[in-house]
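Here's the letter readout for the chains.
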Amino acid sequence: LSNFTARNPQLELDGANQADVLGRWRERHYELNKLSELQGRKHSWEVKSGCHFSCMELGKGVQIVSSSAGTNTNIQLCTANTIACDKVMSTYDFATQLCKRYQQKVTGLSGVGMQIAPSVEDPDRSCRVACQDTFIRHRFYLVNGEQGHFPFGTRCNHNESNRYCINGKCLHFGNDGTPVNDSYNTLPNVRIKRNAEIRRSKRHFEYFAPINITEHISQEFIDSLIASIDFSRATGENNIILEEHIDLRNPVYVDP
C-alpha cells in the first residue's frame, strides 16, 4: 500500500535561529532521500516493454521492468528513442483541453484547467486536473477518477526533481529510474499557524513553512499500478465526460 505521514519541522521565528533550523532541516531531508534511494536499489532491472512517452512537456517516458531474478516487476523512467507526438503539451494545455469538454456538461466552469500544487491532505493532487470556476477565478474543482489524471510521466512536484505521475499518484523516482520505497515529499509554502506568543510586526504577515511527508511504497502497490496502467491512454480525448466527475463539493482555492 501507499501511505504517508505529515511532519511539521519545529521552527524558531527569529531570523538567525530560523535560518539555522531551516538549513539543518534541508540537509537532513537531503540525507534521508539519498538513504531511501540506496535502500530502494536492490535489483538490477531487465526491460520488459517499450518506452512509452505521453507527450507531456517536462515529462518522462515509462517502461515496465523486472528484476534479473524474475521475482519483482517495476516501473522505470526512460527516454524514448522516437517521439511520435503531433504536439508536446503543457499541463495547462492538457488540463484546459479536458476542462473545456466538461464545461459543456457542467454549469459554472470557465473551461480553463490547470495543475495545482500538492497538499498535506492530498499529496497526489498535482496528478489530477483541476477546472476553474467561472465566477470565482481562484476556485477550482478536481476531476475525479481516471479521466481526471494527468498522463503517466507528467512532472508533478516542481519543487523536487524526479517526481512524476503514474495513474494519479505522484511518485518519487530514484537514480535507477524506479520508484523509491521510502521517500520524503517536501511541500513548501504551506501556511501553518503561528505560535500565539509570537508578536507579529505586521498584521498582514503570513508565515509559511515546509511540510515533510514520509511516503511508503510497497511491492503490492507497484503491482497494482502496473496492472492498471494504460499506455494507450495519453491525451484523454476519448474519455467519457460526465457531470458527476467534477468534485463540486470540495472546491480548491489557490492564491489569486
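The structure displayed is predicted, hence computed values, not measured ones.

What should I look at first to understand the overall build of the chain in this one?
A count of helical and extended segments in the chain gives three helices and twelve strands. Looking at the chain as a whole, 47% of its 256 residues qualify as buried. Contacts in the chain between residues far apart in sequence, at least 24 positions, make up 62% of those at least 6 positions apart. As displayed, the chain has an accessible area near 14300 Å², and 47% of this comes from carbon and sulfur atoms.

Help me out: how do you make sense of the state of the cysteines in this one?
Such a bond, covalent and formed between the sulfur atoms of two cysteines, is termed a disulfide. Taken as a whole, this structure holds five disulfides when the rule is applied. Shown here is the disulfide that connects Cys-55 with Cys-85, its sulfur atoms set 2.0 Å apart. The chirality of the disulfide connecting Cys-55 with Cys-85 is left-handed, given an S-S dihedral of about -85 degrees. One end of the pair, Cys-55, is in the loop between β2 (45-47) and β3 (61-67); the other, Cys-85, is in the loop between β4 (73-78) and α2 (91-103), and 30 residues separate them in sequence. Residue pairing for Cys-156: its cysteine sulfur links by disulfide to Cys-170, the two sulfurs lying 2.1 Å apart.

Where do I start with the pattern of salt bridges in this structure?
Side chains bearing opposite charge may pair, as long as their charged atoms lie close to each other. Counted under the stated rule, the structure contains six salt bridges. Here Asp-133 ties to Arg-139 by a salt bridge, and the two come within 3.2 Å at their closest N and O atoms.

Can you help me understand the sheet that holds strand β7 (residues 139-142) in this one?
Across a sheet, paired strands are connected by hydrogen bonds in the backbone, their directions being either parallel or antiparallel. Overall, antiparallel pairing links the four strands, which are arranged β5-β6-β7-β12 in an open sheet. The sheet terminates laterally at β5 (109-115) and β12 (252-253), the two strands that pair on one side only. Here β7 runs beside β12; their pairing, made up of two bridges, is antiparallel. Residue pairing in the sheet places Phe-140 in a bridge with Val-252 of β12. Across the face of the sheet, α2 comes into contact with β5 and β6 (129-133) while running at roughly 150 degrees to β5.

When you look at the nonpolar core in this model, what are you seeing that I'm missing?
Generally speaking, soluble globular proteins have nonpolar side chains that are buried together. Within the largest apolar cluster, 20 residues are counted, with the highest numbers of intra-cluster contacts made by Tyr-102, Leu-109, Val-129, Cys-131, Phe-150 and Ile-246. Broken down by secondary-structure element, the contributors of at least two residues to this core are α2 and β6. If one sorts the elements of this core by residue count, α2 sits on top with five residues. With sequence-adjacent residues up to four places away left out, Leu-109 is seen in contact with Tyr-102, Gln-103, Cys-131, Gln-132, Thr-134, Tyr-141 and Ile-246.

Looking at this structure, I do not really get the environment of Arg-137. What am I missing?
As for its placement among the helices and strands, Arg-137 is situated in the loop between β6 and β7. Linking Arg-137 and Leu-109, residues 28 residues apart in sequence, is a C-alpha distance of 9.8 Å. Engagement of the side chain of Arg-137 in a polar contact is seen with the backbone oxygen of Thr-134, the distance being 2.8 Å.

Teacher, can you tell me more about the sheet that holds β2 here?
Pairing within the open sheet is antiparallel, and its three strands lie in the order β2-β3-β4. If you trace the sheet from one side to the other, it starts and ends with β2 and β4, each paired once. Looking at each pair of strands side by side, their axes are set apart by 45 degrees on average, direction ignored. In this structure, β3 lies alongside β4, joined through six bridges in antiparallel fashion. Pairing of Val-62 across the sheet is with Leu-77, part of β4. Most of the contacts of helix α3 (residues 219-228) go to β4, to which it runs at about 65 degrees, and overall it touches β3 and β4.

What is the right way to read the confidence of the model for the chain from this model?
Reading fine detail from the predicted coordinates is not recommended where pLDDT is low. Taken residue by residue, the chain gives an average pLDDT of 78. The fraction at 70 or more is 68%. Confidence drops under pLDDT 50 across residues 1-13; counting only partners more than four residues distant or on other chains, this segment forms 42 contacts. Contacts for the low-pLDDT stretch residues 35-40, under 50 throughout, to residues beyond four places or in other chains number eleven contacts.

What is the right way to read the pairing of β3 from this model?
Residues in a regular strand point their side chains to alternate faces of the sheet. Most of β3 is tucked away, with seven of its seven residues classed as buried. Burial along β3 is two-sided: the residues Gly-61, Gln-63, Val-65 and Ser-67 and Val-62, Ile-64 and Ser-66 are all buried. Pairing of β2 with β3 involves three bridges; the strand directions are antiparallel. When the sheet's bridge partners are listed, Trp-45 is paired in β3 with Ser-67.

About the thresholds
- Residues numbered from 1 in each chain as written.
- Predicted model: local features only at pLDDT ≥ 70, side-chain atom pairs only at ≥ 80, totals over all residues.
- Heavy atoms only, no water.
- Helix = DSSP H or I, 4+ residues; strand = E, 2+ residues; numbered from the N terminus.
- Buried < 20%, exposed > 50% of the residue type's maximum accessible area, 1.4 Å probe, protein only.
- Contact = heavy atoms within 4.5 Å.
- Areas by Shrake-Rupley, 256 points an atom, 1.4 Å probe, with all protein chains shown as cover.
- Disulfide = S-S within 2.5 Å.
- Salt bridge = Lys/Arg side-chain N within 4 Å of Asp/Glu carboxyl O.
- Pairing = 2+ DSSP bridges.
- Axes fitted to C-alpha atoms, helices over the stretch in contact; angles between N-to-C directions.
- Core = buried A, V, L, I, M, F, W, Y, C linked by side-chain atoms within 4.5 Å.
- Polar contact = N/O pair within 3.5 Å; in protein donor to acceptor, adjacent residues only side chain to side chain.
- pLDDT = per-residue confidence, 0-100.

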